[in-house]
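Analysis of the macromolecular model
Residue strings, one per chain:
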Amino acid sequence: ALSSAASDVYKRQTIYSDNSLPIRAKTVYMYLRDRSDKEHKCWPGINTIAAELNCSRSTVKRALHDLEKHGYIRRLPRYRESGSRSSNLYVLVDN
């Protein structure tokens with residue numbers, strides 16, 4: 001098995017060379033990776049991602065869809081105690 005650091009390098013090389021993945025998705029993946037914890041999880045809101053990457057909410061949504069479709073992330077809903085939706089939990093998938 002690869003070490004965590006080696007796994008990160010391999011994943012970056014894989015995503016960089018994935019020509020079927022739009023640049024918007026690669027950019028959002030790197031954003032999520034930079035903000036993920038040791039378990040490869042993070043939970044930024046779409047508005048936060050869009051603001052920090054200087055792009056639209058719809059671009060972020062398309063990128064997240066691309067990443068999920070290609071198997072780079074899993075997106076899990078999160079809920080507040082009141083039952084209302086919170087930001088999603090994003091898990092970076094080790095291929």
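Described in the following lines is the structure provided in the data block.

Calculation rules
- Once a new chain begins, its residue numbering starts again from 1 and follows that chain's sequence as written.
- Totals for whole chains, interfaces and linings use all residues, but because this is a predicted model, local features are given only for residues with pLDDT of at least 70 and pairs of side-chain atoms are given and counted only at 80 or more.
- The side-chain figures draw on all heavy atoms in the structure; neither hydrogens nor water molecules are used.
- Between the N-to-C directions of two axes lies an angle of 0 to 180 degrees, each axis being a line fitted to C-alpha atoms and, for a helix, fitted only over the stretch in contact.
- Strands here are runs of E lasting at least two residues and helices are runs of H or I lasting at least four, both read from the DSSP assignment and numbered beginning at the N terminus.
- Here the word oblique covers every angle except those under 35 degrees (roughly parallel), over 145 (roughly antiparallel) and from 65 to 115 (roughly perpendicular).
- What makes two residues a contact is simply this: any of their non-hydrogen atoms within 4.5 Å.
- Residue polarity follows a fixed list, in which Ala, Val, Leu, Ile, Met, Phe, Trp, Tyr, Cys and Pro are nonpolar, Asp, Glu, Lys and Arg are charged, and the others, Gly among them, are polar.
- Any residue under 20% of the maximum accessible area for its type is buried, any over 50% is exposed, and the rest in between are partly exposed; the area is computed with a 1.4 Å probe on protein chains only.
- One requirement defines pairing of two strands: DSSP has to find at least two bridges between them.
- Side-chain atoms alone can form a polar contact between residues adjacent in sequence; in general such a contact is a pair of N or O atoms within 3.5 Å, and within protein one must be able to donate a hydrogen while the other accepts it.

Another point: the packing of helix α2 (residues 23-35) against helix α3 (residues 46-53). The interhelical angle for the contact between α2 and α3, taken along N-to-C directions, is 110 degrees, at an axis separation of 11 Å. As summarised for this structure, α2 and α3 are arranged roughly perpendicular, according to the angle between their axes. Of the residues in α3, those touching α2 at Thr27, Val28, Tyr31, Leu32 and Arg35 are Thr48, Ile49, Glu52 and Leu53. Each residue belonging to the contact of α2 with α3 can be placed in one class, and the counts come to 5 nonpolar, 2 polar and 2 charged.

As a further point, take the packing of α2 against helix α4 (residues 57-69). Direction vectors running N to C along α2 and α4 enclose 85 degrees, while the axes themselves pass 8 Å from each other. Classified by the interaxial angle, the pair formed by α2 and α4 is roughly perpendicular. Note on element contacts: α4 touches α2 through Thr59, Arg62, Ala63, Leu64, Asp66 and Leu67, opposite Arg24, Ala25, Val28, Tyr29 and Leu32. A breakdown of the residues in the contact of α2 with α4 according to their chemical character gives 7 nonpolar, 1 polar and 3 charged.

The next thing to look at is the pairing of strand β3 (residues 89-92). Alternating residues of β3 divide into Leu89 and Val91 and Tyr90 and Leu92, and every residue in both groups is buried. Strand direction decides the pairing type here: strand β1 (residues 41-42) and β3, joined by 2 bridges, are antiparallel. In the strand pairing of β3, cysteine 42 is matched with tyrosine 90.

Below, the discussion takes up the environment of lysine 26. Structurally, lysine 26 is set in helix α2. Lysine 26 sits 11 residues away from isoleucine 15 along the chain, and the two C-alpha atoms are 6.8 Å apart. Aside from chain neighbours lying at most four places away, what touches lysine 26 is Ile15, Tyr16, Asp18 and Leu21. A polar side-chain atom of lysine 26 sits 3.3 Å from the main-chain carbonyl oxygen of aspartate 18.

Attention now goes to the sheet that holds β1. Taken in spatial order, the 3 strands make up an open sheet running β1-β3-β2, and their pairing is antiparallel. The sheet terminates laterally at β1 and β2 (73-76), the two strands that pair on one side only. Judged from the 4 bridges that link them, β2 and β3 form a sheet pairing that is antiparallel. If you follow leucine 76 over to β3, its bridge partner there is leucine 89.

Spatial relationships are all this shows, so hold off on functional conclusions.
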